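Now for the letters of each chain:
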2 protein chains.
Amino acid sequence: MGRNYKTIEESDLHFFKALLGERLHADEETCRHYGHDETEDLSFPPQVVLKPETTEEISQIMRHCFREDIPVTPIGARTGLSGGALSVYGGVGLALDRMNRIIKIDEDNHQVWVEPGVITQVLQEEVANKSLYYAPDPASRGSCFIGGNLAENSGGPHAVKYGVTQDFVLNLEVVLPNGDVIWTGANTLKNATAYNLTQLMVGSEGTLGIITKAVLKLIPLPQRSVLMLVPFFKASEACKAVADIFKLGITPSALEFMERDAIQWTLDFMGESTIQLGEDVDAHLLIELDGNDENNIMADCERIMNLLDTFKTDEILFAESEAQKDQLWQIRRKVGEAVKANSIYKEEDTVVPRYHLPELLAGVKEIGSRYGFKSVCYGHAGDGNLHINIIKGDLSDEIWNNDLPLAIREIFQLTVDLGGTISGEHGIGWVQKNYMDIPFDQITLELMKGIKDLFDPKGIMNPGKIFPDTIK
Amino acid sequence: MGRNYKTIEESDLHFFKALLGERLHADEETCRHYGHDETEDLSFPPQVVLKPETTEEISQIMRHCFREDIPVTPIGARTGLSGGALSVYGGVGLALDRMNRIIKIDEDNHQVWVEPGVITQVLQEEVANKSLYYAPDPASRGSCFIGGNLAENSGGPHAVKYGVTQDFVLNLEVVLPNGDVIWTGANTLKNATAYNLTQLMVGSEGTLGIITKAVLKLIPLPQRSVLMLVPFFKASEACKAVADIFKLGITPSALEFMERDAIQWTLDFMGESTIQLGEDVDAHLLIELDGNDENNIMADCERIMNLLDTFKTDEILFAESEAQKDQLWQIRRKVGEAVKANSIYKEEDTVVPRYHLPELLAGVKEIGSRYGFKSVCYGHAGDGNLHINIIKGDLSDEIWNNDLPLAIREIFQLTVDLGGTISGEHGIGWVQKNYMDIPFDQITLELMKGIKDLFDPKGIMNPGKIFPDTIK
């Protein structure tokens, strides 16, 4: 672990109390509550939880912690899957729950100003009321915060057509580790004004500063969609079909892949019996097309159906109503939870150029059979983003703890060999950091560490994340 | 100017000659040729022009220059409008003309691998042969290089629907100032793997390293388009109509604004007489809609026509054929050249949230009338990106040299006050650097300078660009 930070003392608590009053929490229960996210069963409670309400309060907290050498971990809705919000060195847990205002929806310019604690789905619904669309929608959109989405560069099913979080960010207000406050850019669709600090902040996982306001781009809300669930007898054919759909020149608004177990476990988990899986079905694609013109959508749909005729598929299910669309999306969104409920597991968030998905999937299975583990795979196939859930099942603790990291290394190496990388949308955080030598060489890692040291010379900002233990 | 670099000596020439042979040019004519771009009439020749053909050669050049303290300026097609490719400290002019291979068009993954010296239009035509589309298209696309587009984060008319250069970049090979070679990311549509070095390089104007390969995203080529030229009796109404079109929920594939003089001067410059401007016409919008379905495009077109009925417009010209579309686009692309041919001028590349365009335009005219200069404005109105050409005309050299910088300061301050910034797609380069205190405060500028110093500790990489003279 290396670095020793100052432990929070009475005088620090006194300072925080004077600043925040009731919004300081040092009790064990609160600290434990803010000490875990959705990453396995990890628990790293902060020493104290602070709940600021303004940029100015955060600036003062950071100024104090910078001077006193206290580590600070920004904490959102704790839905993260890489441990980015865990207070691995204790210190201050900076909970952003109370900075949850939608400051302004600018209909004239198709922009929205938000604080980091706004729930993604709340934002989406608010702007949809004005026929506008904020597309990034992680599976956890009902509870995750925009701030966390920005920190991790979150994606979601609709990224394949509309882009990930980074594609919707125009400008950010950031409190730097020393308490200084900057804006990273301008509220414009184009910007050729020096270095892109906005995109440097997006995906930096709270290690460079705290995002306190975001100006986000909105687009016109698509008026219609169709959704279909396509069962394939071979998972590899489902993967192949993904690339072939794009080759038609069609960009679906979602193109999701689920292995048989992923969908079966989820149906069981939800107690859902209206959907039956055919006996020999190996995987599903969930395909959504959207737009404003019904005829146009149906024409694309027909071209996809003609393509699917060339694959071995079972009967295709078309969602007949909004309710059935919701049901299918519910199933897709619950997969992670269902897998989690089934066994101890580890989730990897691989991404490759999408045509290489069949090779990735085959490779994962081959590696699994050599190491003796089972995996359940699903994800955003249109983006080449495959979530690999490695299932503990009957494996001994010894194998799980000693051999699994080697198997994961092999999976990540394969991913990188295919032109991909080790995280598409979950981030590196705490659990993947010691694999960072696979996508990046030492020179590149040291350059990134140089950026970290520039922004955060004392190393107090979300320490213990992103960089492998070998990088000092 | 500050910094003194080593002057290139015999021993350096000997090293370069051994490496490059005939591809070293030290004659005055070649150096002068590579010493200017399209920025006013500025001339800053390098001491020697080198024309490497491989990443390895560039790495060796940089390693030598780093050791010997020789400044290096990467030079593309010299179509830049901010002086980014000018060798303001002499030294090595690194001309990328010979690194002009399209390495691979990956139809399976909708990606293309290119070297920096590929002409943008050549790339577009090559991928169009495979029904794929690379959208960014600066007015100079017939001669500019992809490398320069990446360095400046270039836009163009189609950015409004498809995005600017940064939106099409997946991964970059970069030679760092010390000669080290890195890849910035992965060849994937999503990436949540630490800091976004790819987007840090895009728009960094050759000050952080030399881009030697780029993996670019492609999209399906739209099959159809319609193009119309709409004359407005009031320029402010044309600006207003821009925002209103987007409020309909329609995203045109281009939405260009041209003041009367911009189009009239261009018609004169081109000797084009088939298009006549109505007497009281004040400005034009050039509106393009694209897609795959004719009916769909026509439906959107009709909604735009209905909207335009609420404005005071002259007769709308629809392009009847591909030839007429080309003609209208030619006129739009020639505006810059035509204005240039007319008078000494200065071009500013302001960008604001698009609803604020009328305020920006009115403000520019008001500032102009106070300082006594005329301006011709045109640009990518759909992005809020207004090119302001300040015309010298009869102004004395004294006013031009002494007062104009004050007027430009006022224009830029207005731009920033409206939520915008001082360059949308041309970059800061040499000519705008002393205005950088307007969009950014000292803290932010110093943070950017810290990034510069991290990548380029000896300051040899395209020195004299981006940072104001006040930043050390």
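Only a predicted model underlies this, so the values are computations on that prediction, with no experimental measurement involved.

Let's talk about the overall build of chain A
Of the regular secondary structure elements, chain A holds 15 helices and 18 strands. Counting only C-alpha atoms, chain A reaches 70 × 60 × 45 Å along its principal axes. For chain A, restricting intrachain contacts to residue pairs at least 6 apart in sequence, the fraction spanning at least 24 positions comes to 74%. Of the accessible surface of chain A, which amounts to about 17100 Å², a share of 47% is contributed by carbon and sulfur atoms. Positive and negative side-chain charges of chain A, numbering 43 and 71 respectively, have mean locations separated by a distance of 4 Å.

A look at the packing of helix α9 (residues 260–270) of chain B against helix α11 (residues 322–342) of chain B
Residue and element names in this part refer to chain B. Contact geometry of α9 with α11 gives a least axis separation of 8 Å together with a crossing angle of 85°. Relative to α11, the element α9 lies roughly perpendicular. Across from Ala 262, Ile 263, Trp 265, Thr 266, Leu 267, Phe 269 and Met 270 in α9, the residues of α11 making contact are Gln 330, Ile 331, Lys 334, Val 335, Glu 337, Ala 338, Val 339, Ala 341 and Asn 342. Of the residues contributing to the contact of α9 with α11, the split by class is eleven nonpolar, three polar and two charged.

Let's talk about the interface of chain B and chain A
Tallying the contact residues gives 82 residues for chain B and 82 residues for chain A. Interface of chain B and chain A: buried area, both sides summed, is about 6100 Å²; carbon and sulfur atoms make up 61% of it. Counting the contacts that link chain B with chain A gives six salt bridges. Within the residue set of the side of chain B that touches chain A, elements represented by two or more residues are β9 (181–183), α7 (197–201), α8 (235–247) and α15 (442–455) of chain B. Broken down by element, the side of chain B that touches chain A gets its largest block of residues, nine residues, from α15 of chain B. Each residue belonging to the side of chain B that touches chain A can be placed in one class, and the counts come to 34 nonpolar, 34 polar and 14 charged.

What to know about the nonpolar core
Counting residues in each nonpolar core, the largest one holds 178 residues, and the members touching the most others are Phe 257 of chain A together with Phe 257 of chain B. Discounting chain neighbours no more than four positions away, the residues touching Phe 257 of chain B are Ala 235, Ala 238, Cys 239, Ala 283, His 284, Leu 285, Leu 361, Cys 377, Tyr 378, Gly 379, Ala 381 and Leu 386 of chain B.

Re the confidence of the model for chain A
For chain A, mean pLDDT is 96; residues scoring 70 or higher make up 100% of the total. In the predicted assembly, ipTM is 0.97 and pTM is 0.97.

Things to note about the pairing of strand β5 (residues 102–106) of chain B
Strand direction decides the pairing type here: β5 of chain B and strand β6 (residues 111–114) of chain B, joined by four bridges, are antiparallel. Bridge assignment links Ile 102 of chain B to a residue of β6 of chain B, and that residue is Val 114 of chain B.

Side note on the sheet that holds strand β4 (residues 92–95) of chain B
Two orientations exist for strands paired in a sheet by backbone hydrogen bonds: parallel and antiparallel. Residue and element names in this part refer to chain B. Here four strands make up an open sheet; going across it, the order is β1-β2-β4-β3 and the pairing mixed. Looking at strand neighbours, the two that pair on one side only are β1 (24–25) and β3 (72–75), the edges of this open sheet. Contacts from helix α3 (residues 55–68) reach β2 (48–50), β3 and β4, with the element oriented near 165° to β4.

A few points about helix α14 (residues 404–417) of chain B
Owing to its 3.6 residues per turn, the α-helix aligns residues three or four sequence positions apart on the same side. Residue and element names in this part refer to chain B. In a regular helix each residue adds 1.5 Å, so 14 residues correspond to 20 Å; α14 covers 20 Å between its end C-alpha atoms and thus fits that length. What α14 keeps buried is the set Leu 404, Ala 407, Ile 408, Ile 411, Phe 412 and Thr 415. Considered in projection along α14, the buried side chains sweep an arc of 135° and stay on one side of the axis. For α14, the secondary structure elements touched by its buried residues are β16 (345–351), α12 (357–371), β18 (385–391) and α13 (397–402). Just downstream of α14 lies Gly 419, where phi reads positive at about 90°.

Quick look at the domain arrangement of chain A
All names here are of chain A. Per the domain assignment, the segments making up chain A are domain 1 (102–220), domain 2 (224–336) and domain 3 (343–435). Taking only C-alpha atoms, the centre of domain 2 and the centre of domain 3 are 23 Å apart. Contact with domain 2, which involves 19 residues of that partner, is made by 18 residues of domain 3. With both chains or domains summed, domain 2 and domain 3 bury close to 1600 Å², and 67% of this area falls on carbon and sulfur atoms. Interface area lost by domain 2 to domain 3 is led by Cys 239, Phe 257 and Glu 259, which between them contribute 31%. Applying the counting criterion to the domain 2 and domain 3 interface returns two salt bridges.

Here's the deal with the relation of the copies chain B and chain A
Each copy superposes on the other: chain B lies on chain A with an RMSD of 0.0 Å after a rotation of 180° and an axial shift of 0.0 Å. As the rotation angle and translation indicate, the two copies are arranged about a two-fold axis. Taken together, the interface assignments show that 100% of the residues at the interface of chain B recur at the interface of chain A, consistent with an identical surface on both copies.

Considerations on the packing of aromatic side chains
The tally for this structure, following the rule as stated, stands at 18 aromatic pairs over all chains. An angle of 65° between the planes, with centres 5.9 Å apart, marks the rings of Trp 113 of chain A and Trp 183 of chain A as edge-to-face. Of this pair, Trp 113 of chain A sits in strand β6 (residues 111–114) while Trp 183 of chain A sits in strand β9 (residues 181–183), placing them 70 residues apart in sequence. Assessed through its relative accessible area of 29%, Trp 183 of chain A is described here as partly exposed. Over the face of the ring belonging to Tyr 34 of chain A we find Arg 78 of chain A, whose NZ or CZ atom lies 5.3 Å from the ring centre. Note that Lys 217 of chain B overlies the ring of Phe 168 of chain B, its terminal NZ or CZ placed 5.6 Å from the centroid.

Cut-offs used in this document
- Residues numbered from 1 in each chain as written.
- Chains lettered and ligands numbered in written order.
- Predicted model: local features only at pLDDT ≥ 70, side-chain atom pairs only at ≥ 80, totals over all residues.
- Heavy atoms only, no water.
- Helix = DSSP H or I, 4+ residues; strand = E, 2+ residues; numbered from the N terminus.
- Contact = heavy atoms within 4.5 Å.
- Areas by Shrake-Rupley, 256 points an atom, 1.4 Å probe, with all protein chains shown as cover.
- Lys, Arg positive; Asp, Glu negative; His and termini not counted.
- Charge placed at Lys NZ, Arg CZ, Asp CG, Glu CD.
- Axes fitted to C-alpha atoms, helices over the stretch in contact; angles between N-to-C directions.
- Parallel < 35°, antiparallel > 145°, perpendicular 65-115°, else oblique.
- Nonpolar A, V, L, I, M, F, W, Y, C, P; charged D, E, K, R; others polar.
- Buried area = accessible area lost by both parts, 1.4 Å probe.
- Salt bridge = Lys/Arg side-chain N within 4 Å of Asp/Glu carboxyl O.
- Core = buried A, V, L, I, M, F, W, Y, C linked by side-chain atoms within 4.5 Å.
- Buried < 20%, exposed > 50% of the residue type's maximum accessible area, 1.4 Å probe, protein only.
- pLDDT = per-residue confidence, 0-100.
- Pairing = 2+ DSSP bridges.
- Expected span 1.5 Å × (residues − 1).
- Arc of directions from axis to C-beta.
- Domains from an automatic or database assignment.
- Least-squares fit on C-alpha atoms with pLDDT ≥ 70 in both.
- Phe/Tyr/Trp six-rings, centres within 6.5 Å; stacked < 30°, edge-to-face > 60°.
- Lys NZ or Arg CZ within 6 Å of the ring centre and 35° of its normal.

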